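The chain contents come next:
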Amino acid sequence: MTNTIAVLVENRAGVLDRVVGLFSRRAFNIESLAVGVTDDPTVSRITIVVNGDEAVVEQVEKQLNKLIDVIKVRTLEANRYTGRELVLVKVNANTRTRADIMTICELMGARVSDISTNSLTLELSDTPERIETFEAMLRPFSILELARTGVIALQKGNGKI
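Residues numbered from 1 in each chain as written. Predicted model: local features only at pLDDT ≥ 70, side-chain atom pairs only at ≥ 80, totals over all residues. Heavy atoms only, no water.

S.K.: How do you make sense of the layout of surface pockets when you look at a structure like this?
M.R.: Over the atoms, a rolling probe the size of a water molecule traces out where space has been left empty. In this structure, the largest pocket occupies an estimated 600 Å³ of space. What lines the largest pocket is a set of 28 residues, and nearest its centre among them are Thr-2, Asn-3, Thr-4, Val-49 and Tyr-81. Those elements that provide at least two residues to the lining of the largest pocket are strand S1 (2–10), strand S2 (30–37), helix H2 (54–66), strand S4 (70–76), strand S5 (81–92) and helix H4 (128–138). Grouping the amino acids of the lining of the largest pocket by side-chain chemistry returns nine nonpolar, nine polar and 10 charged. (1 Å grid on protein atoms, 1.4 Å probe; cavity = no way out; pocket = protein on both sides within 12 Å on 5 of 7 lines; lining within 4 Å. Points joined across faces, edges and corners; volume = space filled by probe spheres on them. Helix = DSSP H or I, 4+ residues; strand = E, 2+ residues; numbered from the N terminus. Nonpolar A, V, L, I, M, F, W, Y, C, P; charged D, E, K, R; others polar.)

Here it is as structure tokens:
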């Protein structure tokens, strides 16, 4: 079962290393990791996606809360948060295939961020599932390069971490 954990930490050197070290020491696999400064420049938000049951996630939360630089930890309930990921995809494109690729972009809500005679670089911000669909649709055109961010997420409604 995939779980999304939001962690607020002090924005200092070495904090990410301590958080990730906690996962590696306990052999927890991180599927996705995204880090960024919040509206408060002294606080960073780490969004971690891990695979594990409730017991694993509870253990991770307890261990994270023990770290000095951790301000707050919350596991986001499925369907109770908005999560997005960004993908940049460079795909082989020529005059014959360009229109088909553009149709896929239009259907998926992607945009062209760079164009050359032999390639298109596309960007899409969406759920991980829709990004995987986008990748699958582009695979027949020969993906030249691909980069994905980790998931970032906010709790829906009035709730916050």
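S.K.: Explain the packing of aromatic side chains here, please?
M.R.: Aromatic rings in a pair are described by how distant their centres are and how their planes are angled relative to each other. Considering all chains together, one arrives at one aromatic pair under this definition. Consider the rings of Phe-23 and Phe-28, whose centres lie 6.3 Å apart with planes at 75 degrees: the pair is edge-to-face. By relative accessible area, Phe-23 is classed as buried at 1%. (Phe/Tyr/Trp six-rings, centres within 6.5 Å; stacked < 30°, edge-to-face > 60°. Buried < 20%, exposed > 50% of the residue type's maximum accessible area, 1.4 Å probe, protein only.)

S.K.: What is the right way to read H4 from this model?
M.R.: Given 3.6 residues to a turn, an α-helix orients residues that are three or four positions apart in the same direction. Every buried residue of H4 is listed here: Ile-131, Phe-134, Glu-135 and Leu-138. Projected down its long axis, H4 shows its buried positions confined to an angular sector of 100 degrees, all on one face. Those residues of H4 hidden inside the fold are in contact with S5, helix H3 (98–108), strand S7 (119–126) and strand S8 (143–148). (Arc of directions from axis to C-beta. Contact = heavy atoms within 4.5 Å.)

S.K.: It is not clear to me how the pattern of salt bridges should be interpreted in this structure. Could you clarify?
M.R.: Where side chains of opposite charge bring their charged atoms close, a pairing between them can arise. Within the structure shown, the criterion is met by 10 salt bridges. The salt bridge involving Arg-12 is made with Glu-10; its shortest N-O contact spans 1.7 Å. Look at Arg-12 and you get partly exposed, because its relative accessible area is 48%. Residue Glu-10 is classed as partly exposed on the basis of its relative accessible area, which comes to 25%. (Salt bridge = Lys/Arg side-chain N within 4 Å of Asp/Glu carboxyl O.)

S.K.: What exactly am I supposed to notice about a nonpolar patch on the surface here?
M.R.: Side chains of Leu-16, Leu-33 and Val-35 sit close together on the surface and give an oily, nonpolar patch of about 220 Å² of accessible area. Position of Leu-33 among the secondary structure elements: in strand S2. Judged by relative accessible area, Leu-33 falls into the partly exposed class, the value being 32%. (Patch = residues over 30% accessible without salt bridge, like charges linked within 9 Å, V, L, I, M, F, W, Y side chains within 5 Å. Areas by Shrake-Rupley, 256 points an atom, 1.4 Å probe, with all protein chains shown as cover.)

S.K.: Just checking my understanding: could you explain the sheet that holds strand S3 (residues 43–51) for this structure?
M.R.: Pairing between the strands of a sheet comes from backbone hydrogen bonds, and it takes one of two forms, parallel or antiparallel. Sheet architecture is open: four strands sit in the order S2-S3-S1-S4, paired in antiparallel fashion. Two strands lie at the open edges of the sheet, namely S2 and S4, each paired on one side alone. Between one strand axis and the next, the sheet turns by 15 degrees as a mean value, whatever way the strands run. Two elements, S1 and S4, share six bridges in a ladder whose sense is antiparallel. Across the sheet, Val-7 pairs through a bridge with Val-73, a residue of S4. Docked against the sheet, helix H1 (residues 15–25) engages S1, S2 and S3, running at close to 20 degrees with respect to S3. (Pairing = 2+ DSSP bridges. Axes fitted to C-alpha atoms, helices over the stretch in contact; angles between N-to-C directions.)

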